[in-house]
Amino acid sequence: MPEQFGALLVKTIFTENVALSFYLGMCSFLAISKRVETALGMGLAVTFVLAITCPLNHVLYHALLADGALAWIPGAEEVDLSFLTFMILIGTIAATVQIVEMAIERSSPRLYAALGVFLPLIAVNCAILGSSLFMIERDYSLGESFVFGTGSGLGFAIAIVALAAIREQLRYSDVPESLRGLGISFLVVGLMSFGFLAFSGM
Amino acid sequence: MKSPHRDTLLDPLFDNNPIALQVLGICSALAVTKQVATALVMTVAVLFVMSCSSVAISALRRRIPSDIRIIVELTIMTTLVIVTDQVLKAYFFDVSLRLSVFVGLIITNCMVMGRAEAYAIRNPPLPSLLDAVGNAMGYGLILLTVAFVRELFGKGTVLGYRVLTTVHDGGWYEPNVLMELAPTGFLLIACCVWAIRVWKPEQREEVDDA
């Protein structure tokens with residue numbers, strides 16, 4: 001079993017990086033990658049939220065929503081609530097983000113100030129909801145979903161910190177005027193994505 | 001149609017494009033663009049969800065307490081996305097399989113949320129509807145452009161119809177596998193952004209020292 005978890009962890013961090021090969025969480029990925037320090041904070045916040053929400057959503061999905069999950073209620077053997085999946089997932093995520101936000105506000109006001117408006121936006125960060133949906137689609141077990149969540153978060157953190165480091169250096173380079181800002185960031189992300197592609201062995 | 005309304009509708013196409021200038025809704029824009037068909041379905045889905053949610057939010061804007069407005073907005077969007085997802089599963093099952101989790105991700109598409117927050121929450125329903133339609137079309141425009149290039153050069157087809165005969169079918173075109181891979185999406189969007197900003201220099205960004 002441990003080898004399997006290890007393989008899954010490596011896979012989610014490198015070969016199937018959530019940001020660079022599934023394009024998830026792009027909005028915050030581009031918006032918060034101007035400084036390494038804030039990028040690191042964002043990466044950690046996302047990892048933390050993912051590590052909690054993935055297993056939590058796994059439990060909720062299999063206890064309430066999946067086909068036949070309510071069989072313990074007499075007369076409800078046929079009930080399939082999986083159409084409510086989105087609603088439950090986004091509710092769990094929004095609540096978790098709220099808790100994380102309060103925790104960061106208490107423990108580290110500096111990080112809170114740096115992350116600013118983007119903390120509430122983690123709730124609508126597609127990386128979080130996307131990972132939960134992938135977890136359901138791929139039918140992971142509870143342990144696997146924890147590893148998957150943590151791995152996705154770490155992968156996102158590595159990618160965003162790397163991008164921030166590149167963008168900090170980019171300030172000294174002479175970029176064509178029309179390409180400054182968003183354009184060049186996309187190009188850099190594209191090249192990073194090529195790099196990560198190499199992990200899957202071309 | 002009065003001209004401010006026309007501006008609300010047409011501005012997001014080029015002058016204030018949600019993807020190229022506002023940096024909204026990029027995640028799904030990249031993921032569904034391997035084929036024109038999926039990009040088209042995605043655009044229609046986003047158009048539907050966005051117009052309905054904008055109208056609903058704008059109609060309720062005086063009744064939603066501002067403290068919990070995000071949750072209320074999310075609930076409205078989620079409901080609409082569930083409807084879309086069920087319709088897709090019922091009538092376009094194979095497309096729905098290919099879109100995989102990305103229909104669900106319309107909920108967290110920052111474009112829907114962003115326009116609701118920036119526009120619908122303080123404007124009457126009609127302009128909000130136009131704003132939503134305009135933004136969804138601006139989004140679709142980029143999506144379809146990228147998907148067109150990726151499908152044409154990656155598979156030699158457009159919307160599934162053969163345009164360039166590939167070497168496998170005895171033709172001359174060697175399919176460019178690179179187009180099917182993730183990085184190309186980023187590079188093509190970068191090119192779109194670049195092209196729009198060469199055309200409309202006022203969208204250029206100052207070098208920020210933040």
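Here the structure is a predicted model, which means the values were calculated and not measured.

Participant: I keep staring at the overall build of chain A and nothing clicks. Help me out?
Facilitator: Secondary structure summary: chain A contains 9 helices and 0 strands in total. Ordering the α and β elements of chain A from the N terminus gives α-α-α-α-α-α-α-α-α. Taken along its principal axes, the extent of the C-alpha atoms in chain A is 70 × 45 × 35 Å. Within the span of chain A, comprising 202 residues, buried residues form 50% of the whole. For chain A, contacts bridging at least 24 residues in sequence account for 75% of all contacts bridging at least 6. Charged side chains in chain A number 9 positive and 15 negative. The centres of these two groups are separated by 18 Å.

Participant: I'm lost on the pattern of salt bridges in this one. Help?
Facilitator: Should the charged atoms of two oppositely charged side chains come close, the side chains can pair. Residue and element names in this part refer to chain B. All told, the structure shown has 3 salt bridges over all chains when counted by the stated rule. The partner of Lys89 in a salt bridge is Asp85, with the nearest N and O atoms 3.2 Å apart. Highlighted residues: Lys89 and Asp85, both in helix H4 (residues 69-91), separated by 4 residues, approximately one helical turn. Taking relative accessible area as the criterion, Lys89 reaches 42% and is therefore assigned partly exposed. Notably, a salt bridge pairs Asp131 with Arg115, separated by 3.1 Å at the nearest N-O pair. Pair noted here: Asp131 is in helix H7 (residues 125-155) and Arg115 is in helix H6 (residues 110-118), with a separation of 16 residues, a long-range link. Residue classification places Arg115 among the buried positions, given a relative accessible area of 12%.

Participant: Got a minute to help me understand the interface of chain A and chain B in this structure?
Facilitator: Quoted interface sizes are often the accessible area lost when the parts come together. Contact residues are listed per partner, giving 44 residues for chain A and 46 residues for chain B. Counting each side, the surface lost to burial between chain A and chain B is near 3900 Å², with a carbon and sulfur contribution of 78%. Counting the contacts that link chain A with chain B gives 0 salt bridges. Our enumeration of links across chain A and chain B arrives at 0 residue pairs in polar contact (both at pLDDT 80 or more).

Participant: Looking at this structure, how should I read unusual backbone geometry?
Facilitator: In most cases, non-glycine residues show a negative phi, while peptide bonds are predominantly trans. Residue and element names in this part refer to chain A. A positive phi angle is found at Asp139, which is not glycine, with a value near 60°. Mapped onto the secondary structure, Asp139 falls in the loop between helix H7 (126-137) and helix H8 (142-170). The class for Asp139 is exposed, based on a relative accessible area of 57%.

Participant: Looking at this model, I keep getting lost on the nonpolar core. Mind explaining?
Facilitator: One recurring pattern in soluble globular proteins is that nonpolar side chains are buried together. Ranked by size, the top nonpolar core spans 113 residues in total, and within it Met26, Phe29 and Phe186 of chain A together with Ile106 of chain B carry the most contacts. The element contributing the most residues to this core is helix H3 (residues 36-65) of chain A, with 9 residues. For Ile106 of chain B, the contacting residues outside a window of four places in its chain are Met42, Ala45, Val46, Val49, Val81 and Val112 of chain B.

Participant: What is the right way to look at the packing of aromatic side chains in this model?
Facilitator: Between two aromatic rings, the relevant description is the distance of the centres plus the angle of the planes. Within the structure shown, the criterion is met by 2 aromatic pairs over all chains. Looking at Arg138 of chain A, its charged tip hangs above the ring of Phe134 of chain A, at a distance of 4.5 Å from the centre.

Participant: Looking at this structure, how should I read the confidence of the model for chain B?
Facilitator: Residue and element names in this part refer to chain B. For chain B, per-residue confidence averages 80 on the pLDDT scale, and 95% of positions sit at 70 or higher. Ranking the helices and strands of chain B by mean pLDDT puts helix H3 (residues 36-59) first, with 88, and helix H2 (residues 26-31) last, with 73. Here the prediction assigns the complex a pTM of 0.81, and the interface score ipTM is 0.75.

Participant: I keep staring at the environment of Val55 of chain B and nothing clicks. Help me out?
Facilitator: Residue and element names in this part refer to chain B. The residue Val55 is located in helix H3 in this model. Residue class for Val55 comes out partly exposed when judged on its relative accessible area of 30%. Considering only alpha carbons, one finds Val55 and Ala120, 65 residues apart in sequence, at a separation of 7.3 Å.

Participant: I'm lost on the packing of H4 of chain B against H6 of chain B in this one. Help?
Facilitator: Each packed pair of helices is defined by two parameters, the angle between the axes and the distance between the axes. Residues and elements named next belong to chain B. Between H4 and H6, the least distance of the axes is 11 Å, while the angle of their chain directions is 130°. Judged on the interaxial angle alone, H6 and H4 are oblique. In terms of crossing hand, the pair formed by H4 and H6 is right-handed. Every residue of H6 that contacts H4 at Arg69, Ile70, Glu73, Leu74 and Met77 is listed here: Val112, Met113, Ala116 and Glu117. The residue makeup of the contact of H4 with H6, split by class, is 6 nonpolar, no polar and 3 charged.

Participant: Would you mind showing me how to read the side chain of Ser185 of chain A here?
Facilitator: Relative to the helices and strands, Ser185 of chain A is located in helix H9 (residues 182-197). With residues up to four places along the chain from it excluded, the contact list for Ser185 of chain A reads Leu30 and Arg167 of chain A.

The rules behind these values
- For every chain, the first residue of the written sequence is number 1, and numbering continues from 1 along that sequence.
- As a convention, the first chain written is A and the first ligand written is 1, with the rest following in written order.
- In keeping with the model being predicted, local features are shown solely for residues with a pLDDT of at least 70 and side-chain atom pairs are shown and tallied solely at 80 or more, while totals for entire chains, interfaces and linings include all residues.
- In computing side-chain properties, one takes all heavy atoms of the structure into account and sets aside hydrogens as well as water.
- Helix numbers and strand numbers start at the N terminus; a helix is a DSSP run of H or I with at least 4 residues, a strand a run of E with at least 2.
- When accessible area is computed with a 1.4 Å probe and restricted to protein chains, residues below 20% of their type maximum are described as buried, those above 50% as exposed, and intermediate ones as partly exposed.
- Any pair of residues with heavy atoms lying within 4.5 Å of one another is described as a contacting pair.
- Residues scored as charged are limited to Lys and Arg (positive) and Asp and Glu (negative), so that His and the chain ends carry no count.
- Lysine's charge is taken at NZ, arginine's at CZ, aspartate's at CG and glutamate's at CD.
- For this analysis, a salt bridge means a side-chain nitrogen from Lys or Arg found within 4 Å of a carboxyl oxygen belonging to Asp or Glu.
- As a working definition, buried area equals the accessible area (1.4 Å probe) given up by two parts on being put together, with both sides summed.
- Side-chain atoms alone can form a polar contact between residues adjacent in sequence; in general such a contact is a pair of N or O atoms within 3.5 Å, and within protein one must be able to donate a hydrogen while the other accepts it.
- Residues enter a nonpolar core if they are buried and are Ala, Val, Leu, Ile, Met, Phe, Trp, Tyr or Cys, with the set joined through side-chain atoms within 4.5 Å.
- Here a pair means two rings of Phe, Tyr or Trp (six-membered ring of Trp) with centres within 6.5 Å. Their orientation is stacked below 30 degrees between planes, edge-to-face above 60, and tilted elsewhere.
- Note on criteria: charge over ring means Lys NZ or Arg CZ within 6 Å of the ring centre, with the direction from the centre no more than 35 degrees off the ring normal.
- Every residue is assigned a pLDDT by the predictor, reflecting its confidence on a scale from 0 to 100.
- Interaxial angles span 0 to 180 degrees and are taken between N-to-C directions of axes, which are lines fitted to C-alpha atoms, for helices over the stretch in contact.
- Under this scheme an angle from 65 to 115 degrees is roughly perpendicular, one under 35 degrees roughly parallel, and one over 145 degrees roughly antiparallel; angles in between are oblique.
- Handedness of a helix crossing follows the sense of rotation of the near helix relative to the far helix, less than a right angle counterclockwise being left-handed and clockwise being right-handed.
- All amino acids are sorted into three groups, where Ala, Val, Leu, Ile, Met, Phe, Trp, Tyr, Cys and Pro are nonpolar, Asp, Glu, Lys and Arg are charged, and the leftover types, Gly among them, are polar.

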